[in-house]
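Results of the structural survey
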Amino acid sequence: MPFLEIFFWAVPIISLTSYCILMLFLSLSKKDKFIRLFMLVLAALILWTAASLFMGLQLYPGVLFWDRVMVMGMIAVPFLLYYFISVFTNSLNLFQMVFWGILTVTAIILNLLGYVVIDASVITTTVTYNGRQYTSIEYYYVLGKMATPIYVFTSILITSMILKARKNVSEGKTTYGRVGPIIAGISVLFIGVLLNIFSAVGKYPVDILACFINAVLIMYAIYKHRMLELRLMVTKGIVYSVFAILLTCVYVYAVFFVERKLGNSYQNITPYFVTLSALLVAVVFQPLYRFTCSLVDKMFYKAEYSKRQALKNFSLSISNKLDLQDMASELIEAVQLAIHAREILLMLKHEEKSHYYVFSTSSQIFKPDFVISFDNPIAKWLICNNTSLSREELYFHPSFKSMWDKERKVISDLDIEVIIPIKSRNDLIGMLMLTRKNNSTAYTLDDLDLLTYLGVSSAVAFDNARLFSRAQSEALTDSLTKLYNHRYFRKALSEQVKKVGSAELSLLLLDLDLFKLYNDLYGHLEGDKALEMVAAIMMRIVGQKGTVCRYGGEEFAILLPYYDSKRAFDMAETIRIEIQRTFFNTTDVTQRFLTASIGVCTYPHAAANAEELLKRVDLAMYTAKRNGKNQTVIYTPNYASAGNLFGDDNDSASNKHAFSATIYALTAAIDAKDHYTFGHSQRVADYATVLAGALGLDKSHLEIVREAALLHDVGKIGIPENILTKRGRLTNEEYDIVKKHVEMSITIIKHLPSMNHVIPAVIGHHERWDGEGYPRGLRGENIPLLARCLAITDAFDAMTSNRPYKASLSVISALNEIDSNAGTQFDPAIAHLFIKLVREGAIEIDQNLKMKNVL
């Protein structure tokens, strides 16, 4: 049979058969939008090819009819291909689709009306080849006046497809490897359609061959680069079909070969031979066929079997684990066995930092350092959807237009192909990110179904493990500072001593100076914030070099394995200076202060075991506090022989006497500077002590209020004398300077050893009951009790004393002023008690003041 005759029949038959088989496979497969669109293309190709075959067979109603049907398919295929490629490359433009669609429908109508093909027929001729006669068939057709414009339109549409694909590659919207086969297939289609203009070539089914090549290349692009599950089905179908064709060919060849050898003399036994041959084929080749099918099943179901096995093993193992790291390793291993991804990373939710972080990866090398915040479009999309997120959706879905280019680049650089949500009770607790497979193929729908199932099935287990891990962490972690707690410290101390052996282990014990006072002045909320700030400072400086723990209250412990005393001292000083710098730089109504005293001891040189190390570092820390606070002390044997750390009773009496002398010296200094208020601090101290006693306060509080009264105006040392002694009314600027004497008093007092207990009373003696006072604007009972006592006694003595800008009031007038301001400036209960004490004589008024009042 001549080649042209074989070409004429074989091309449409093979193409039509292939299209129909492929359509069957696609119909039986799981469908996504790409499969559905490609099925439309296949339908048009089947129409085109079938019409060409029916033309050759000259079926009813005639060649011209089938020719026009073939042209209709030829016009529809480019438009459907254009639609498919637009979706496949994420470059769909509605206006363009409507434009090309209208032109395509118009071209089909013109074709059906007879303006494209006027006449068509099939010409048969007899040719002799190798001594035998064969019938040759050729198409004959006459093109109408609209044929050329429609061919030009089709060529422009095909060219637009090629340019669109190349543009998407150049703009980085897709890769050439993904659309390269499609561009090649469309180019072939363009050539095949163009050749139909020339009747000398068009009389053969060249366009059908071009369509077949185009379909094969597009199918390859889908098979290689899209997420379809056709591989198993197509591969098995091809293997079965090839085997069936080979079996049929062997059978037919055997029958014709024997028939030819027997000749005409044995014509009567030919039917019996054919029947016998069929039986022999069934007996011999049927077991071979079953064996081949079994081999194919084993070969191509191996991947499915490994997936099921991995899933089974993961389900069994994950139910027995509560450790997050073990569960993460199990999940990643299961995914690798089932999917064969190049790299896998698991991201988990971090509640405190409001982001998802990389918790575990498939290899030591692949450990990217990046996070996804809760408000990232990826997290929002996964929360709202229960399906996977593909690379294409990430780049081209409108939901991700708001992503920063930097974030998009990180995902691109990591070559992330698909993201799987791990959700429990609608809470996105994590996400699984996978790069491409080892064989560079895309993920099938079956792959994505398996990954989604793994994400769902592991979510509850991960959530439980996360809660268990949090409970474990909370049992060993301080809830406020997020540092390890005292319980963990004692355990870690013993373990570290054993671990270092004969090497060095330094222990730092840090205590915040005057922290109780800090709480009293600024409240426990501010105190908690201060503890958090100190913890952050230590964690930042220590980092991975040691272990930071909250030892208790305002005390912190730091374990520094393999650190000698010098290095430990340097780190302690760095921490101490940073704490001092941080708190002395804060801006507030009052100058906030917080310092640290640190003790350092090193095992094994200064301590033989863990208990001794802790005892001696504690001794060093208290030595730092005793010697003036805000310093670092390294333990030496001298401290062990120093006896009573705080001194004996004689030392205490001596210190108390020294403090009293200091107080009276400062009082005298301010009285000397402001001679108009000479004796003011002593009188206020006398009045306030009696008033506090009447309130039922104990002896220690009476001592505090007395000392606070003596020191309450010590800050006036820093006020210019011309303002203190000014005879006229103070300006607003001058009054603001005078008000600063409270802060100056605190600055002086906090440097007096063991006198910090008076600060709350001193700092609050100008606060008002209605909240209009200074420096902090405290209101009502938020003002310390002793400060409320000082406010009344200070005001009374000020009113009954001569001032440069105002004459003194009588005692009765002063008491009336206090009474009228009770509930606004003064605590009403204490004010009325003070008035009662003065009138009853419990509070003795200085005789000099009485004489001044009389005069």
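This text follows the structure it describes.
Residues numbered from 1 in each chain as written. Predicted model: local features only at pLDDT ≥ 70, side-chain atom pairs only at ≥ 80, totals over all residues. Heavy atoms only, no water.

1. Quick notes on the overall build of the protein chain
Assigned secondary structure in the protein chain consists of 33 helices and 13 strands. Residues classed as buried in the protein chain amount to 48% of the 855 residues present. Counting only contacts in the protein chain whose residues sit at least 6 apart along the sequence, the fraction spanning at least 24 positions is 67%. (Helix = DSSP H or I, 4+ residues; strand = E, 2+ residues; numbered from the N terminus. Buried < 20%, exposed > 50% of the residue type's maximum accessible area, 1.4 Å probe, protein only. Contact = heavy atoms within 4.5 Å.)

2. Some words on the pattern of salt bridges
Scanning all chains against the criterion turns up 20 salt bridges. For Glu 573, the salt bridge is made with Arg 576, and the minimal N-O distance between the two is 2.8 Å. Taken as a pair, Glu 573 and Arg 576 lie in helix α20 (residues 565-584) at a separation of 3 residues, close to a single helical turn. Overall, the relative accessible area of 11% leaves Arg 576 in the buried class. Taken together, the salt bridges that share partners define one network made up of Asp 511, Asp 513 and Lys 625. (Salt bridge = Lys/Arg side-chain N within 4 Å of Asp/Glu carboxyl O.)

3. Let's talk about the environment of Ala 536
Inspection of the secondary structure puts Ala 536 in helix α19 (residues 524-542). A relative accessible area of 42% means that Ala 536 is categorised as partly exposed. Here the alpha-carbon distance between Ala 536 and Thr 481, two residues 55 residues apart in the chain, equals 8.0 Å.

4. A word on the sheet that holds strand β7 (residues 418-424)
One open sheet holds the 6 strands; their spatial order is β5-β4-β3-β8-β7-β6, and the pairing between them is antiparallel. Looking at strand neighbours, the two that pair on one side only are β5 (371-373) and β6 (389-390), the edges of this open sheet. Summarising the sheet, strand β4 (residues 355-361) and β5 pair through 3 bridges and their orientation is antiparallel. Note on β5: the bridge partner recorded for Tyr 357 is Val 371. (Pairing = 2+ DSSP bridges.)

5. Some remarks on the packing of helix α2 (residues 33-57) against helix α3 (residues 63-88)
In contact at an axis separation of 8 Å, α2 and α3 are set at 160° when each is read in the N-to-C sense. By the angle between their directions, the pair α2 and α3 is classed as roughly antiparallel. When the axes of α2 and α3 are compared, the crossing they make is left-handed. For the contact of α2 with α3, the residue count by class is 26 nonpolar, 2 polar and 2 charged. (Axes fitted to C-alpha atoms, helices over the stretch in contact; angles between N-to-C directions. Parallel < 35°, antiparallel > 145°, perpendicular 65-115°, else oblique. Left-handed = near helix turned anticlockwise from the far one by under 90°. Nonpolar A, V, L, I, M, F, W, Y, C, P; charged D, E, K, R; others polar.)

6. Quick look at helix α12 (residues 324-339)
Residues three or four positions apart in an α-helix share a direction because the helix packs 3.6 residues into each turn. Between the first and last C-alpha of α12 there are 22 Å, a value that for 16 residues agrees with the 22 Å anticipated at 1.5 Å per step. Of all the residues in α12, the buried ones are Leu 324, Met 327, Ala 328, Leu 331, Ile 332, Ala 334, Val 335, Ala 338 and Ile 339. Angular distribution of buried residues about the axis of α12 spans 160°; they occupy a single face of the element. One or two steps after α12, the chain reaches His 340, where phi turns positive at roughly 65°. (Expected span 1.5 Å × (residues − 1). Arc of directions from axis to C-beta.)

7. Here's the deal with the nonpolar core
When a protein is soluble and globular, its nonpolar side chains tend to lie buried together. Grouped together as the largest cluster of nonpolar side chains are 66 residues, with contacts concentrated most on Leu 42, Leu 45, Trp 48 and Phe 84. Core analysis: the next-biggest nonpolar cluster, separate from the first, contains 30 residues, Tyr 518, Ala 530, Ala 535 and Ala 568 among them. (Core = buried A, V, L, I, M, F, W, Y, C linked by side-chain atoms within 4.5 Å.)

8. Concerning the packing of aromatic side chains
Here the structure, examined in full by the defined rule, presents 14 aromatic pairs. Consider the rings of Phe 489 and Tyr 551, whose centres lie 5.4 Å apart with planes at 90°: the pair is edge-to-face. Of this pair, Phe 489 sits in helix α17 (residues 486-500) while Tyr 551 is found in strand β10 (residues 547-552), placing the two residues 62 residues apart along the sequence. Grouping residues by exposure puts Phe 489 and Tyr 551 together as buried. Measuring from ring centre to ring centre gives 5.7 Å for Tyr 687 and Phe 796, while their planes differ by 75°; the resulting arrangement is edge-to-face. Here Tyr 687 is found in helix α24 (residues 680-694), whereas its partner Phe 796 is found in helix α30 (residues 785-799), with 109 residues between them in sequence. Residue Tyr 687 shares its accessibility class with Phe 796, and that shared class is buried. (Phe/Tyr/Trp six-rings, centres within 6.5 Å; stacked < 30°, edge-to-face > 60°.)

9. What to know about the packing of helix α4 (residues 94-112) against helix α5 (residues 147-170)
In contact at an axis separation of 11 Å, α4 and α5 are set at 150° when each is read in the N-to-C sense. Comparing their axes, α5 and α4 come out roughly antiparallel. Crossing hand, α4 versus α5: left-handed. When α4 is examined against α5, the residues Gln 96, Trp 100, Leu 103, Thr 104, Ala 107 and Leu 110 are found in contact with a partner set consisting of Ile 150, Phe 153, Ile 156, Leu 157, Ser 160 and Lys 164. In terms of residue class, the contact of α4 with α5 is made up of 8 nonpolar, 3 polar and 1 charged.

10. Some thoughts on α19
Taking 1.5 Å of rise per residue, 19 residues should cover 27 Å, and α19 covers 27 Å from first to last C-alpha, within 8% of that figure. When α19 is considered as a whole, its buried residues turn out to be Gly 527, Ala 530, Leu 531, Val 534, Ala 535, Ile 537, Met 538, Ile 541 and Val 542. Buried residues in α19, looked at end-on, bunch into an arc of 160°, giving them a common side. Exposed and facing more than 90 degrees away from the buried side of α19 are Leu 525 and Arg 540. Just downstream of α19, Gly 543 is the residue with a positive phi angle, here 60°.

11. Quick word on the environment of Val 742
Mapped onto the secondary structure, Val 742 falls in helix α28 (residues 741-749). With residues near it in sequence (within four places) discarded, Val 742 still touches Val 762, Ile 763, His 765, His 766, Tyr 774 and Pro 775.

12. Some thoughts on the sheet that holds strand β12 (residues 595-603)
Read from one edge of the open sheet, 5 strands run β10-β11-β9-β12-β13, paired in mixed fashion. The open sheet terminates on both sides in strands that have one partner only, identified here as β10 and β13 (632-634). Mean inter-strand twist for the sheet, computed between neighbouring axes without regard to direction, equals 20°.

13. Notes on unusual backbone geometry
The peptide bond linking Tyr 603 to Pro 604 adopts the cis configuration, its omega dihedral lying at 0°. Its location among the elements puts Pro 604 in the loop between β12 and α21 (610-626). Of note, the bond from Tyr 774 into Pro 775 is cis; its omega dihedral lies within 30 degrees of zero at 10°. Tracing the sequence through the fold places Pro 775 in the loop between α29 (759-763) and α30. Positioned with a positive phi, Gln 58 is a non-glycine residue whose angle comes to about 55°. In this fold, Gln 58 is placed in the loop between α2 and α3. Even without a glycine there, the phi angle at Asn 630 is positive, about 50°. Relative to the helices and strands, Asn 630 is located in the loop between α21 and β13.

14. Notes on the pairing of strand β9 (residues 505-513)
Along any regular strand the residues' side chains alternate between the sheet's two faces. Counted residue by residue, β9 has 9 buried out of 9 residues, so it is predominantly covered. The alternating pattern of β9 places Leu 505, Leu 507, Leu 509, Asp 511 and Asp 513 on one face and Ser 506, Leu 508, Leu 510 and Leu 512 on the opposite face, and all of these are buried. Two strands pair when backbone bridges link them, and β9 and strand β11 (residues 555-561) are joined in this way by 7 bridges, in the antiparallel orientation. Residue Leu 510 lies in a different strand from β11, and its bridge partner there is Phe 556. Judged from the 9 bridges that link them, β9 and β12 form a sheet pairing that is antiparallel.

All quantities given are derived from atomic positions and should not be read as evidence of function.
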